[in-house]
Each structure stands twice: as C-alpha cells, then as structure tokens.
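Each chain, written out:
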Amino acid sequence: MAESISPGDADKLVVRARTDAVALGRLYELCYERIFRFCVHRLFCKEIAEDVTSTVFLEVARRIRAFPGQTEQDFANWLYAIAANQTNAYIRKTSRRQKLLDEAARAMQASTSRSSEDFSMLDWPRLYQAILKLKPEHQTIVTLRFFENMDFEQIAKIMNTKEATVRVTLHRILKKLRNHLQTIADGEK
Amino acid sequence: MFENEDDFKNIVDRLNIDTKPNPAHREKLRQRMLSMSIGSFTTRITIMKGPIPKLVAAAVIIIVAIGSIHKFVGSLDGTTVAFAQMKEAMQKMPWMHAISREYYKGTERINQHWQHFPSKKLFEITSDGSISHHDYGTGKKMYFYATEGTLTISDLKKGGFYGSGSPHNLIDAFVQYMVEENASTVQHPGKFNDLDVKVYEIEKIRPDDGMSIGSTVVAKIKYYLMADTKTKLMVAATVEYLDKSNNVISYTKTEVDYPETGPEDIYALGVPHTAKIIDKTLVAIDIKLPRPMFHGTPQPTRVSNLEKPLGRARDPFLAPVGTKNVALGKPVSSSDEEPIIGEIKMITDGDKEATDGSYVELGPLLQHITIDLQAVYEIYAIVVWHYHKQARVYYDVVVQVADDPDFTTNVKTLFNNDIDNTSGLGVGQHKHYVETNEGKLIDAKGMRARYVRLYSKGNSSDDLNHYIEVEVYGKPVEQ
C-alpha cells in the first residue's frame, strides 16, 4: 500500500529526487500502484502490465535528472504520460494487440456473465475487447477518465492537448465504443 | 446501451478487475530503478569489474572521508590549516552525499555515497546494484549482493581501508601515506559549476610499489580537491592515476553535496525487504572446558617443533552467530574398529573429562577417526581433546574435512604437524602442542564439509592413540 504523505512533503520529494535516490525511492512507493493499475487497465494481462510498468519506472530513472516539474502533481502527470506512451507503443504492434485480444476472448469464454447486449451485466473482458478496438490515444483517454477518475484538465495536461479537445474527443469515443460493443454482442448471437 | 458518460462510468464501476500488484515485482523494480537512477546522471554506463584495484575503488571514500580528519599528520606545505577549515565546515553538515564516476578505458562506473557524520554511518550504491552500509559506530557492515538477492551482515574488520573506525582511520592512513611519500601541494582559485572554489592539487609520485591498473603500473596519483571559498565546504574532487609517461590511466570525478536528510537504513536505498539475510556477525563461541588435571603446561623435553605454551587462557574464538557444536552425538567411525579401551561413540558424547571411562584408546601406528556430521556445514572450528590427564604430545596430528566418507572429494587439510611426512599425508607446517584441558582449537575458516577426519600416530608417552572428545563448531549451509 502506498504510504501517505502531505502534498508539501511530496513536492519536496520531487525536487530532491533529481539527485537523491532516497527521495526517488519514496516517490516510487507513492506512485507504483497507480501506474501498475493504469497498465492493467490498458493491457488486460497483469504480467504484461508488470513489464510495461517496469519500462515506465526505468524510463523515469533515466530521465529524472532532467525532469523540470516542481510538484507531486507535475510528477504524476509526467508518469502517466510516460505510461500512456509505453502502453500505446506496446499495443501498436499488431501481434501484441492480437495477443491481448486473444487473452480477453479466452477470459470472455470463461466468464459466466451474460452477453454484452445487457450492458448492466457487461464484464471486463468484453469491455476490454471493445476498448482495444479504439485508437491507442483514445484508449488512454477512456482509461484516465473512467478508470483513473481524472478530470479533463489533468487528462489534457497528460496528453499535452487542450481541455476542450479532450471533451469533444471523449464524446466521439463513447459513440464508437457503443458501436464496438454492439458488434461484439452481434457476434455472440 | 449506455447513453452518456455517467452511464458508462456506472458500468466501469461495477467491473471486477484484479489490479493488485505483486509485491515481489514491486521490490525488484524498485531496486532496479534506484540502481539505474545513479546512472541517469550520465548518458552511458558500463559495468566494469576487475582491472581497477581496491585503492581506486576506495578513492571516493578517501575524498568523502577527508571531511572527517580528526588530526592532520604533518604538514603538506601549509595545506593543513585549509584542510582543517574544510573539515570543520563539513562536519557541521548532517549529511554528505557524493557521486563519483570512475573512468577507465572508455568505460564508466558510478558509485554513490552518503555519509552521516554524527553517527559515523556510510552508505554506498555501486553501479552493479550492490548496496552497502558501514556503521562505524557499531562496527557492523551490511552488504546487499544484487545478483544473489542476499543481505549479509558482518563485523567491520579492524584496521585497513574499511576497518572499524574508518573512514577516520582511512583518512589518517591516507594523510600519513601522503606525508611519508613527500606529496606536494599547490593551491589556486578556480571555478566549479559557476562557484568560486579554491583548488588544492596534491601530487604523489610513486604511490605504491607494484600498484597497477589493468596491466599498467601507476607512477603518480594526483588529487584535485575543490572547496567553496565562502562556505569552505568541499564540493568536488578529482583523482587521476598516471603512468610513468604522465598519461592518465584512470580517473575518478566526485561531486559532493550536503542534503538535510539521507537514507534511514539500507532498505531506503532499494534493498528489497524480501532479501534473504545472512548474519555473519562474529561472536565468541561457547566452549565448555573440562576440569584441568594438572597446573601449568609442563614441556616434554624430547619433542621437537613444539609450540610455546601461551601462559594464559586461549583467546575467545569468534564465529558467526548461531555457530554451535554440530558433532555432538553424531556417528563416528575409526580405522581401529576394536578399541583397546572405551567405545568410538564416546568421541562425540559431550564428556570431555580426562577421567577413566571418558576416553577411547586406539591401537598403535597411524590411526584415524571420522565424524559424519550427517549434513554439509560451514565449519569454523574443530576442538580436539586427545588425553589431557598428562602433559602429552600426540604425533602426526592431521585434521581434514571432505565431502565423502572415503575422503576422495574436496579434501581440505586444516591442520598438519607431520613435518617429515612420515604418515604420507603431506608435509605439515604446524607445530606439536601439549595436551591441556583447553583442547586444541583448529580454525576451519568456514570450510564447507560433511565429514571430519583426525589422524594421529602415537604420543610422547606411548605409541597408542587416544581421544576424549572432538567438537566441530559450525552452522548449516545457507541455501
């Protein structure tokens, strides 16, 4: 479980972490679970999520000296941006994406839930299959908004875009998701 | 069908997704990340092992320790006062943090150190991921072997570079070393990261007979210590190792800063809490002695190569915590299957008295007994009582350990006083000794073995062989 720490202390840690492994270690403890959870939501398999989480934090270790942020929020946004890039990079490769789809399909067959036609009973493998049909950047928005419960302002900072763009894009994404879920449901009939 | 964001959010909230992390992965990644973070200060890092001697590896400790000088031995052309000021300024700081980069043949190795002056604690992370904690207050050392995932706890050795009391000992030795070799110093102003500094150049010619890096002999060492002119704090240092043509063979650059806080313990530096702890802290082993049967240690005059009696009790023997007599009650076999007096099993029955009924008498000529410890142990000491009712000397005492009962595999000789090799087990280097109630303690140096064998060939009173007790002090081998 991540330790609790006051926002002021967390900000000091961020500044120290550029040259201090102890501070970096504490930041790691504060952020590991969040990033791992994000990776699980993006990649379905915990083993793959572990690999990508590793890549994220090793990237942090490589680049921490040049990190310009001053606050814990800056650091968290930076971490999510790296995590989003790494997960996107992972699923852009077709073979890897297919592997994730296969995993979700296997889990879906094993699931006792009813079909995706009944959205109140929608299970995670079916929803993941639908999400995976979106563009990687759109998957990131869905994950940050609905799984990480972030507001549009933070999502915009992580994705380096305007808040309004995120709002409009999300509206379109949900429309596409409905269609993808319908396609999956039709396929099960 | 969901119609809007809220509907979709409700769906997501109802999902049951396992996002619980694996603690092992978490710890392992933490360790890797922290190890790599040290390398983040440069663009490339190559792990280098081997060619740079310990002195080079210790260079940063010398630099770090220079702030800990209690007294400056002699004078290096008036630098003493400046160093004293530097020391005073540095020791007012709670923590010193140093990052050193060692360069050799295009490769780079980065070490990171924290030193806490009040408690005399030193932490170090090396570029291969190993992490150590030297506590010069308690005299203990912890070392995390990244490749093995083990955390070894041991005592600091007395004296030497990493001796207990270091880095204070170290810097005294360093200064003495420089003075004796007529090191020369030059002071001049300089800049370091836009900071006005005073640079102290110390040059030492012919630093160490036979010292080499790789295959190149080191002819000269140059130290450049940089101190902030305002605060007097040392902020950087460079150590160069030069060959006889004044070419730099290797060099170390160190940057020093003074944070308010440092690592609370070795775990704060990335050692996983799951690391297996191997405690090699040394304590005196408890050897219960039998009653003495005579006073003093009379010397049999006819025996050559005889060691002089100590004239006092033997010093306590130190071994890792948990070391005990692992031979007690273990099976014993003998070259003489039918002892003249007693039974073979009496050798490990715990009775060390020299009274009748406590010893076993084997036949003449070379005889041996073998103890099966029934498992492989790390053996630290073997104590043997042949017969201490009289001041006797037993001849051709040879003590060996091995992995098999026939002594064909991994045989190690721990003691041998057969100086003319009449028993055919090799020429011994040890001396004869007089039997006393203390028994003979043989240092086994942590040798790993299952079987222990002791030979003898008569004694100074008769040609028979006797054993009262044999104790083997050891610990089970850590898997």
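Residues numbered from 1 in each chain as written. Chains lettered and ligands numbered in written order. Predicted model: local features only at pLDDT ≥ 70, side-chain atom pairs only at ≥ 80, totals over all residues.

K.L.:
Help me understand the overall build of chain B, please; the structure alone is not making it clear to me.
P.N.:
A tally of regular secondary structure across chain B gives six helices and 25 strands. The buried share of chain B, reckoned over its 479 residues, is 36%. At a minimum sequence separation of 6, the contacts of chain B that also span at least 24 residues come to 67%. (Helix = DSSP H or I, 4+ residues; strand = E, 2+ residues; numbered from the N terminus. Buried ≥ 20, exposed ≤ 12 C-beta atoms within 10 Å, placed from the backbone. Contact = placed C-beta atoms within 7 Å.)

K.L.:
What is the right way to look at the overall build of chain A in this model?
P.N.:
Looking only at helices and strands, chain A has nine helices and zero strands in total. Residue pairs in contact within chain A that sit at least 24 positions apart in sequence constitute 63% of those at least 6 positions apart.

K.L.:
When you look at helix H3 (residues 46-63) of chain A in this model, what are you seeing that I'm missing?
P.N.:
An α-helical turn contains 3.6 residues, so a residue and the one three or four places further along point in the same direction. Its 18 residues place the ends of H3 of chain A 25 Å apart at the C-alpha level, agreeing with the 26 Å of an ideal helix rising 1.5 Å per residue. The set of residues buried in H3 of chain A consists of Ile48, Ala49, Glu50, Val52, Thr53, Val56, Phe57, Val60 and Ala61 of chain A. (Expected span 1.5 Å × (residues − 1).)

K.L.:
How do you make sense of the interface of chain A and chain B when you look at a structure like this?
P.N.:
At the junction of the two partners, chain A supplies 32 residues and chain B supplies 34 residues. When residues of the side of chain A that touches chain B are traced back to their parent elements, those giving at least two are helix H2 (21-43), H3, helix H6 (124-132), helix H7 (136-147) and helix H9 (163-188) of chain A. Counting residues per element, the side of chain A that touches chain B draws most heavily on H2 of chain A, which supplies eleven residues.

K.L.:
Explain the packing of H7 of chain A against helix H8 (residues 152-159) of chain A to me, please; I cannot follow it from the model alone.
P.N.:
For any two helices packed against each other, one specifies the crossing angle of their axes together with the interaxial distance. All names here are of chain A. Relative orientation of the contacting elements H7 and H8 amounts to 145°, with a least axis distance of 10 Å. Crossing hand, H7 versus H8: right-handed. Touching Thr140, Ile141, Leu144 and Arg145 of H7 are Ile155, Ile158 and Met159, all from H8. Looking at the contact of H7 with H8 residue by residue, the classes come out as five nonpolar, one polar and one charged. (Axes fitted to C-alpha atoms, helices over the stretch in contact; angles between N-to-C directions. Left-handed = near helix turned anticlockwise from the far one by under 90°. Nonpolar A, V, L, I, M, F, W, Y, C, P; charged D, E, K, R; others polar.)

K.L.:
How should I be thinking about the environment of Asn246 of chain B in this particular structure?
P.N.:
All names here are of chain B. Along the chain, Asn246 turns up in the loop between strand E12 (234-242) and strand E13 (248-257). On the neighbour-count criterion, Asn246 (10 C-beta atoms within 10 Å) is exposed. For the pair Asn246 and Val218, spaced 28 residues apart in the sequence, the C-alpha separation amounts to 9.6 Å.

K.L.:
Could you clarify how one ought to interpret the confidence of the model for chain B in this entry?
P.N.:
Residues and elements named next belong to chain B. Counting all residues, the mean pLDDT for chain B is 80, and 80% of those residues have values of 70 or more. A low-confidence stretch, residues 39-61 (pLDDT under 50), is modelled with 54 contacts involving residues beyond four sequence positions or located in other chains. Here residues 64-77 scores under 50 on pLDDT; set against residues more than four positions off or in separate chains, the count is 43 contacts. For this predicted complex, the interface score ipTM comes out at 0.89, alongside a pTM of 0.49. (pLDDT = per-residue confidence, 0-100.)

K.L.:
When you look at the pairing of E13 of chain B in this model, what are you seeing that I'm missing?
P.N.:
When a strand is regular, its side chains alternate between the sheet's two faces. Residue and element names in this part refer to chain B. With eight bridges connecting them, strand E1 (residues 95-104) and E13 associate as antiparallel partners. Residue Ile99 lies in a different strand from E13, and its bridge partner there is Glu255. Pairing geometry for E12 and E13, over seven bridges, is antiparallel. Along E13, the bridge assignment pairs Val239 with Thr252. (Pairing = 2+ DSSP bridges.)

K.L.:
It is not clear to me how the environment of Asp279 of chain B should be interpreted in this structure. Could you clarify?
P.N.:
All names here are of chain B. Relative to the helices and strands, Asp279 resides in strand E14 (residues 276-280). Overall, Asp279 belongs to the partly exposed group, with 13 C-beta atoms counted inside 10 Å. Here the alpha-carbon distance between Asp279 and Leu151, two residues 128 residues apart in the chain, equals 8.3 Å. Those residues in contact with Asp279, other than ones at most four positions away along the chain, are Ile153, Pro320 and Val321.

K.L.:
Please clarify how the packing of H2 of chain A against H3 of chain A should be interpreted in this entry.
P.N.:
Residue and element names in this part refer to chain A. Between H2 and H3, whose axes approach to 8 Å, the crossing angle comes to 135°. Here H2 is positioned oblique relative to H3, judged by the angle of their axes. Relative to H3, H2 is oriented so that their crossing is right-handed. For the pair H2 and H3, the contacting residues are Tyr28, Ile35, Phe36, Cys39, Val40 and Leu43 in the first and Lys46, Ile48, Ala49, Val52, Thr53, Val56 and Phe57 in the second. (Parallel < 35°, antiparallel > 145°, perpendicular 65-115°, else oblique.)

K.L.:
How do you make sense of unusual backbone geometry when you look at a structure like this?
P.N.:
Backbone geometry follows two general trends: most residues other than glycine have a negative phi, and most peptide bonds adopt the trans configuration. Although it is not a glycine, Lys232 of chain B adopts a positive phi angle of roughly 70°. Its location among the elements puts Lys232 of chain B in the loop between strand E11 (220-228) and E12.

K.L.:
Any chance you could explain the nonpolar core here in plain terms?
P.N.:
Counting 74 residues, the largest nonpolar core has Leu27, Ile35, Cys39 and Leu79 of chain A together with Leu269 of chain B as the members making the most contacts within it. Element by element, the count of residues in this core is highest for H2 of chain A, at 14 residues. Ranked by size, the runner-up nonpolar core spans 41 residues in total, among them Tyr377, Val393, Val434 and Ala444 of chain B. (Core = buried A, V, L, I, M, F, W, Y, C linked by C-beta atoms within 7 Å.)

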